[in-house]
Amino acid sequence: MMATTDSKDGKSSRERLDVPTAMRRAAGQLAQMLQCEPSSVSALKATDDGWSADVEVVELEKVPDTASVMATYRVSLDLEGQLVGYERIRRYAKGQIDR
């Protein structure tokens, strides 16, 4: 949730979402867009405009599980935690280890 506070001059200012809330919103809104359940949030960073998160998703389930196809999506949230964009930045086999 976005909190507001009153400054000394009477104007309200917005506070940034906390990290757990930003993570939940990034994963949840991406899940709604892609109609699949995210596996994890592997990166999250604050930006001038809100948040940027990398969310891992199982794109294609296979047997054995290690043959499943995973994808990393970069999700952009505004200051209020609303999804403003996403892009797939990587696809890989679930059993693959980064070097």
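Computed from a predicted model, the values in this text were never measured in an experiment.

Engineer: Lay out the sheet that holds strand E6 (residues 83-93) with the relevant residues and their values.
Structural biologist: Strand order across the open sheet formed by four strands is E3-E4-E5-E6, with antiparallel pairing between neighbours. The open sheet terminates on both sides in strands that have one partner only, identified here as strand E3 (38-47) and E6. Adjacent strand axes in the sheet meet at a mean angle of 20°, parallel and antiparallel pairs treated alike. Direction of pairing for strand E5 (residues 69-78) relative to E6: antiparallel, over a ladder of nine bridges. By the bridge assignment, Ala-71 is partnered in E6 with Arg-91.

Engineer: Go over the packing of aromatic side chains with me, naming the residues and quoting the values.
Structural biologist: Applying the stated criterion across every chain yields a total of one aromatic pair. Here the aromatic rings of Tyr-73 and Tyr-86 are separated by 6.1 Å at their centres, their planes lie at 50°, and the arrangement is tilted. Here Tyr-73, found in strand E5, pairs with Tyr-86, found in strand E6; they are 13 residues apart in sequence, far enough to count as distant. Arg-16 extends its terminal NZ or CZ atom over the ring of Trp-51, reaching a point 5.4 Å from the ring centre. Above the plane of the ring of Tyr-92 lies Arg-90, whose end atom (NZ or CZ) is 4.0 Å from the centre.

Engineer: Which residues make up the nonpolar core, and what values do they have?
Structural biologist: Leu-17, Ala-22, Ala-26, Leu-30, Trp-51, Ala-53, Val-55, Val-57, Ala-71, Tyr-73, Val-75 and Leu-77 together form the largest nonpolar core, which totals 12 residues. Put simply, the parts of the chain that give this core at least two residues each are helix H1 (19-34), strand E4 (50-60) and E5. With sequence-adjacent residues up to four places away left out, Ala-53 is seen in contact with Ala-26, Val-41, Ala-43, Leu-44, Tyr-73, Arg-74 and Val-75.

Conventions we followed
Every chain is numbered independently, its residues counted from 1 as its sequence is written. Where totals are concerned, whole chains, interfaces and linings use all residues; where local detail is concerned, this predicted model gives features only for residues with pLDDT of at least 70, and gives and counts side-chain atom pairs only at 80 or more. The side-chain quantities take in all heavy atoms of the structure and omit both hydrogens and water. Strands were regarded as paired on the criterion that DSSP finds at least two bridges between them. Each helix is a run of DSSP H or I of at least 4 residues and each strand a run of E of at least 2, with the numbering of both proceeding from the N terminus. Convention adopted: a line fitted to C-alpha atoms gives each axis, helices being fitted over their contacting stretch, and angles between N-to-C directions are expressed from 0 to 180 degrees. Aromatic rings from Phe, Tyr and Trp, with only the six-membered ring used for Trp, were paired whenever their centres fell within 6.5 Å, and each pair was classed as stacked if the ring planes differed by under 30 degrees, edge-to-face if by over 60, and tilted otherwise. Only Lys NZ and Arg CZ are tested; either one counts as a charge over a ring when it is within 6 Å of the ring centre and within 35 degrees of the ring normal. By nonpolar core is meant a set of buried Ala, Val, Leu, Ile, Met, Phe, Trp, Tyr and Cys residues that side-chain atoms within 4.5 Å join together. Residue burial is assigned from relative accessible area. The probe radius is 1.4 Å, only protein chains are included, and a residue is buried under 20% of its type maximum, exposed over 50%, and partly exposed in between. Contact criterion: two residues are considered in contact whenever any of their non-hydrogen atoms come within 4.5 Å of each other.

Everything listed here is a matter of coordinates, which is why it stays silent on function.
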